[in-house]
Amino acid sequence: MRTLVLSVIFGLPMLFVFHWGLDIWQRDRTNVSGRLLAALYAGFGLQLFALYALQALPLADAATLVHWGFVPIRTVTGLLGLRLYLHLVNWPKSVKSQRLVFLLAIPVLILV
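Enquirer: Go over the overall build of the protein, please, and point to the residues and values.
Expert: Counting its secondary structure elements, the protein contains 4 helices and 0 strands. Considering the protein as a whole, with its 112 residues, one finds that 26% of them fall into the buried category. Long-range pairs, those at least 24 residues apart, make up 60% of the contacts in the protein between residues at least 6 apart in sequence. Carbon and sulfur atoms form 71% of the exposed surface of the protein, whose accessible area is close to 8,000 Å².

In structure tokens form, the structure reads like this:
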């Protein structure tokens, strides 16, 4: 019964988030901001899946799941959000300034 309740609690929002991401991606596949937003929605869906797995699996597996599953997904989702923000404000206008995106990602990667 607990697995069914968890599947409904996490499964329905996960399906909605993945559907929204696919809908945005299918509207215009050549638009960079649309692709970044679709990837961001996919990251949110994967975060929901990681939370579901964290709740459904035994407590002994929680540390491994958080270290190898949840933290990388959150890191990549945060970096995708940062990249989308920088794309929407037209901040990296040259190839040289795109290195700043990687410089902003270094503290996040060090924390991981």
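Enquirer: Tell me about a nonpolar patch on the surface, residues and numbers included.
Expert: A grouping of Met1, Leu4, Val5, Val8, Ile9, Leu12, Leu15, Phe16 and Trp20 is seen on the molecular surface, where their side chains present a nonpolar patch of about 980 Å² in accessible area. As for its position among the elements, Val8 is in helix H1 (residues 2–27).

Enquirer: Describe helix H2 (residues 32–56), listing the residues and the values that go with them.
Expert: Along an α-helix, a turn takes 3.6 residues, which lines up residues three or four apart on a common side. Over its 25 residues, H2 extends 36 Å from the first C-alpha to the last, a length consistent with the 36 Å expected when each residue adds 1.5 Å. Turning to H2, its buried residues are Ser33, Gly34, Leu36, Ala38, Leu40, Gly43, Gly45, Gln47, Leu48, Ala50, Tyr52 and Ala53. Taken together, the buried residues of H2 touch H1 and helix H3 (62–88).

Enquirer: Account for H3, naming residues and giving values.
Expert: With 27 residues, H3 ought to run about 39 Å at 1.5 Å a step, and its terminal C-alpha atoms sit 37 Å apart, in line with that. At Phe70, H3 shows its maximal kink, close to 30°; a proline, Pro72, follows between one and four residues later.

Enquirer: Can you explain the nonpolar core? Please cite residues and give values.
Expert: Counting residues in hydrophobic clusters, the biggest one holds 6 residues: Leu6, Phe10, Met14, Val17, Leu48 and Tyr52. Counting residues per element, the ones that place at least two in this core are H1 and H2. Counting residues per element, this core draws most heavily on H1, which supplies 4 residues. Residues contacting Met14, with those up to four places away along its chain left out, are Gly45, Leu48 and Phe49.

Analysis parameters
Residues numbered from 1 in each chain as written. Predicted model: local features only at pLDDT ≥ 70, side-chain atom pairs only at ≥ 80, totals over all residues. Heavy atoms only, no water. Helix = DSSP H or I, 4+ residues; strand = E, 2+ residues; numbered from the N terminus. Buried < 20%, exposed > 50% of the residue type's maximum accessible area, 1.4 Å probe, protein only. Contact = heavy atoms within 4.5 Å. Areas by Shrake-Rupley, 256 points an atom, 1.4 Å probe, with all protein chains shown as cover. Patch = residues over 30% accessible without salt bridge, like charges linked within 9 Å, V, L, I, M, F, W, Y side chains within 5 Å. Salt bridge = Lys/Arg side-chain N within 4 Å of Asp/Glu carboxyl O. Expected span 1.5 Å × (residues − 1). Bend = angle between axes of the 7 residues up to and from the residue. Core = buried A, V, L, I, M, F, W, Y, C linked by side-chain atoms within 4.5 Å.

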